[in-house]
Amino acid sequence: MRKAVYPGSFDPVTFGHLDIIERSAKMSDHLIIGVLNNNSKTPLFSVEERVNMLKSLTKDLPNVEVSSFGGLLVDFVRAKQADAVIRGLRAVTDFEYELQIAQTNRVIAPEVDTVFLTTNLKYSYLSSSIVKEIAAFGGEINAFVPEAVAERVMMKIKDRRK
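Chemist: Residues and numbers for the nonpolar core, please.
Modeler: Most often, soluble globular proteins have nonpolar side chains that are buried together. Counting 33 residues, the largest nonpolar core has Leu-31, Ile-33, Val-35, Leu-54, Ile-141 and Val-153 as the members making the most contacts within it. Taken together, the elements giving at least two residues each to this core come down to strand 1 (3-8), helix 1 (15-27), strand 2 (30-36), helix 2 (47-57), strand 3 (64-69), strand 4 (84-89), helix 5 (128-136) and helix 6 (147-161). Filtering out sequence-adjacent residues up to four positions away, Leu-54 remains in contact with Phe-10, Val-13, Ile-21, Ile-33, Val-35 and Val-66. Formed by eleven residues, the second largest nonpolar core is a distinct cluster that contains Phe-69, Val-74, Val-77 and Ala-109.

Chemist: Now, about the layout of surface pockets: what can you tell me, with residues and values included?
Modeler: The volume enclosed by the largest pocket comes to roughly 1200 Å³. Around the largest pocket, the lining comprises 44 residues; the ones closest to its centre are Pro-7, Gly-8, Ser-9, Arg-87 and Glu-98. Secondary-structure elements contributing two or more residues to the lining of the largest pocket are strand 1, helix 1, helix 2, helix 3 (73-79), strand 4, helix 4 (92-108) and helix 5. For the lining of the largest pocket, the element with the most residues is helix 4, which contributes seven residues. A per-class count over the lining of the largest pocket returns 18 nonpolar, 18 polar and eight charged.

Chemist: Describe the pairing of strand 4, with residues and values.
Modeler: Looking at chain direction, strand 1 and strand 4 are connected through two bridges and run parallel. Bridge pairing in strand 4 places Ala-4 opposite Ala-84. Taken together, strand 4, helix 4 and strand 5 (residues 113-118) form a β-α-β motif whose crossover is right-handed.

Chemist: Give a description of the pattern of salt bridges that names residues and reports values.
Modeler: The full count for this structure, using the stated rule, is ten salt bridges. Its salt-bridge partner being Asp-11, residue Lys-132 comes within 3.0 Å of it at the nearest N-O pair. With Lys-132 in helix 5 and Asp-11 in the loop between strand 1 and helix 1, the pair connects residues that are 121 residues apart, well separated along the chain.

Chemist: Tell me about a nonpolar patch on the surface, and name the residues and values.
Modeler: Judged by side-chain polarity, Leu-72, Val-107 and Ile-108 come together as a nonpolar surface patch covering roughly 280 Å² of accessible area. With respect to the helices and strands, the residue Val-107 is situated in helix 4. Residue classification places Val-107 among the exposed residues on the basis of a relative accessible area of 67%.

Rules used in this analysis
- In every chain, residue numbers begin from 1 and rise along the written sequence.
- In keeping with the predicted nature of the model, local features appear solely for residues at pLDDT of at least 70, side-chain atom pairs appear and are counted solely at 80 or more, and the whole-chain, interface and lining totals rest on all residues.
- By convention in this description, side-chain values take in all heavy atoms of the structure and omit both hydrogens and water.
- Put simply, a nonpolar core is a bunch of buried Ala, Val, Leu, Ile, Met, Phe, Trp, Tyr and Cys residues held in one set by side-chain atoms that sit within 4.5 Å of each other.
- Note on exposure labels: buried denotes an accessible area under 20% of the residue type's maximum, exposed denotes more than 50%, and partly exposed covers the range between, all computed with a 1.4 Å probe on protein chains only.
- Labels follow the DSSP assignment, with helices taken as runs of H or I lasting at least four residues and strands as runs of E lasting at least two, numbered in each case from the N terminus.
- In what follows, a contact means two residues having at least one pair of non-hydrogen atoms within 4.5 Å.
- The distinction between a cavity and a pocket rests on a 1 Å grid over the protein atoms alone: a 1.4 Å probe fits inside a cavity but cannot get out, while a pocket stays open yet meets protein on both sides within 12 Å along at least five of seven lines, and a residue with an atom within 4 Å of a point counts as lining.
- Grid points are joined across faces, edges and corners, and a volume is the space filled by probe spheres set on the points.
- Only Asp, Glu, Lys and Arg are considered charged in this grouping, and only Ala, Val, Leu, Ile, Met, Phe, Trp, Tyr, Cys and Pro are considered nonpolar; every other residue, Gly among them, is considered polar.
- A pair of strands counts as paired when DSSP detects no fewer than two bridges linking them.
- For the handedness criterion, the strands are oriented away from the viewer, and a crossover whose path from the first strand over the helix to the second runs clockwise is classed as right-handed.
- By convention in these notes, a salt bridge is any Lys or Arg side-chain nitrogen within 4 Å of a carboxyl oxygen on Asp or Glu.
- The patches described consist of residues with a relative accessible area above 30% and no salt bridge, like charges being joined within 9 Å and nonpolar side chains (Val, Leu, Ile, Met, Phe, Trp, Tyr) within 5 Å.
- Here the open area of atoms and residues is found with the Shrake-Rupley method and a 1.4 Å probe, where only the protein chains shown may cover a residue.

Right under this line is the structure:
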């Protein structure tokens, strides 16, 4: 692959996300992490915070770029002149949803392929939502996210309780 986009909300970024990022960076000449600005959700972190966290976590991957986007993914992919979309799959239920999105995107943008990567088994259960829920109840999240991310999650949750 010449240029690929790995989209997501990354709220917060997990070890599962980082696994897909590292593997995708090896497979492509240029990987763009697309941080979704979804106005219908109330994220823990702002788009800018998520972009900055990802930039920090991927600074040692020279072919990785982090950028935010809103609207249709295919429009972002076209604007970035990318060839493919990378999507991580944890379970069969992910596949059913992701296949529907990939096929819809293919109708809208036939020139854009979707590549599915299965997550490492040790992250197959992991989601940002689970991390936030554990943190909200005061649980330990260092097994799921990098230490710097865990600290920021806990600070955000503490600030929201005030």
